[in-house]
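# Coordinate inspection notes
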Amino acid sequence: MTAKRIDDGGPRLALYGAVADEAASLVIRRYSTSFGLAARLLGPSVRQPVQNIYALVRVADEIVDGGADEAGLDPTIAARLLDELEQETERAMQEGYSSNLVVHAFAGSARAAGFGAELTRPFFASMRMDLSATQHDQASFETYIYGSAEVVGLMCLRVFVRDTERVYSDAQLATLESGARALGSAFQKVNFLRDLAADLTALGRSYFPGVDPASLSDAQKNALLDDIDRELALAAATVPLLPKSSRRAVATAQRLFAELAKRLRALPAASLLTTRVRVPDPAKLRIAVGAWNTPADTTGIGR
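Here we summarise the structure given alongside this text. Here, residues in each chain are numbered from 1, in the same order as that chain's written sequence. In keeping with the predicted nature of the model, local features appear solely for residues at pLDDT of at least 70, side-chain atom pairs appear and are counted solely at 80 or more, and the whole-chain, interface and lining totals rest on all residues. Heavy atoms throughout the structure, all of them, feed into the side-chain values; hydrogens and water do not.

Another aspect to go through is the packing of aromatic side chains. Working definition: rings of Phe, Tyr and Trp (its six-membered ring) pair if their centres are within 6.5 Å, and the pair is stacked with planes under 30 degrees apart, edge-to-face with planes over 60 apart, and tilted otherwise. With the rule as written, the count across this model stands at 10 aromatic pairs. Centre to centre, the rings of Phe123 and Phe124 are 5.2 Å apart; their planes meet at 70°, and the pair counts as edge-to-face. Side by side, Phe123 and Phe124 carry an identical accessibility label, which is buried. A network of ring pairs unites the aromatic residues Phe141, Tyr144, Phe192, Tyr207 and Phe208 as a single cluster. Relative accessible area decides the class of each residue, using a 1.4 Å probe on protein chains only: under 20% of the type maximum gives buried, over 50% gives exposed, and in between gives partly exposed.

This is the structure in structure tokens:
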């Protein structure tokens, strides 16, 4: 029997899709409080699709960094599981159905937003790198950042712009894509600095090219943060172009990571091996409130 497509399904497929969405939302609630804060600021029409995207990202990450390792799986088995997840994801995006609830939810969002394997393949390629690479040169680092973070930003952007009735020019879309990629890259690099000790001791990884985490100097740390601040500033400049349904949430996320970067800069480099920097909940709330009135661009596209 050929599986029905999402766009021509009946009530049972709709029910299955709703349950899949609920499963994806549960994954997000249990794994990420910071993401949950920003997600609550998304408009109703984009909140669930974005949660569905991040749920699949979380499941893939568990294969390479979490539960699969603690289950004692050999890296070759983890690689096979990742391959199977990628194959199932592509199949679901083409056919509109998966027996894996998180994949089904993701595929429905991808099909509605109009993206496919051109974004998922780089993502899975980067996840696959985590199963074998323990260090990066500049080229492999840039490839990893693009696949693990920048394409996720592009997936979310496809969801965001689909939610507006206004038409973006090619130049405006290019600007938004640059901002999405910069924000995803900055997020990932901040997390690398926050997780410096865990990546080194638990996973044996060193992401930043030419940097030995065990002897990270203040000058090296600040140079990395200069790069992060540049990307955060680029992203902030593009936020006003976003539709209202996503603008506040993205502004909150950008400001939250800017605050993390600020706190990382204030901490001696050697302390990063013993301290994981975080933003206290009251500060998170102040950031969210401050981002609430992020203005639209003057052309009116972001309204």
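Once that is clear, we can look at the environment of Val289. In this fold, Val289 is placed in helix H13 (residues 281–291). Among the residues examined, Val289 registers a relative accessible area of 55% and is labelled exposed. In this structure, the C-alpha to C-alpha distance between Val289 and Ala39, residues 250 residues apart in sequence, is 14 Å. What counts as a helix is a DSSP run of H or I of at least four residues, what counts as a strand is a run of E of at least two, and both are numbered from the N terminus.

This part covers helix H5 (residues 75–95). Compared with an ideal rise of 1.5 Å per residue, which puts 21 residues at 30 Å, H5 spans 30 Å between its outermost C-alpha atoms and is within 8% of the ideal. After H5 finishes, the residue Gly96 shows a positive phi value of roughly 90°. Multiplying 1.5 Å by the helix residue count minus one yields the expected span of that helix.

Attention now moves to the nonpolar core. Definition used in this section: a nonpolar core is a set of buried Ala, Val, Leu, Ile, Met, Phe, Trp, Tyr and Cys residues joined via side-chain atoms within 4.5 Å. Core analysis: the largest hydrophobic core is formed by 88 residues, its most contacted members being Ile53, Phe106, Phe115, Phe123, Phe160, Leu193 and Ile228. Per-element accounting of this core gives the leading share, 12 residues, to helix H8 (residues 138–162). Residue contacts are counted whenever heavy atoms from the two residues lie within 4.5 Å of one another. Dropping the residues within four chain positions of it, Phe115 is found in contact with Ile53, Met93, Phe106, Ala110, Met155 and Arg158.

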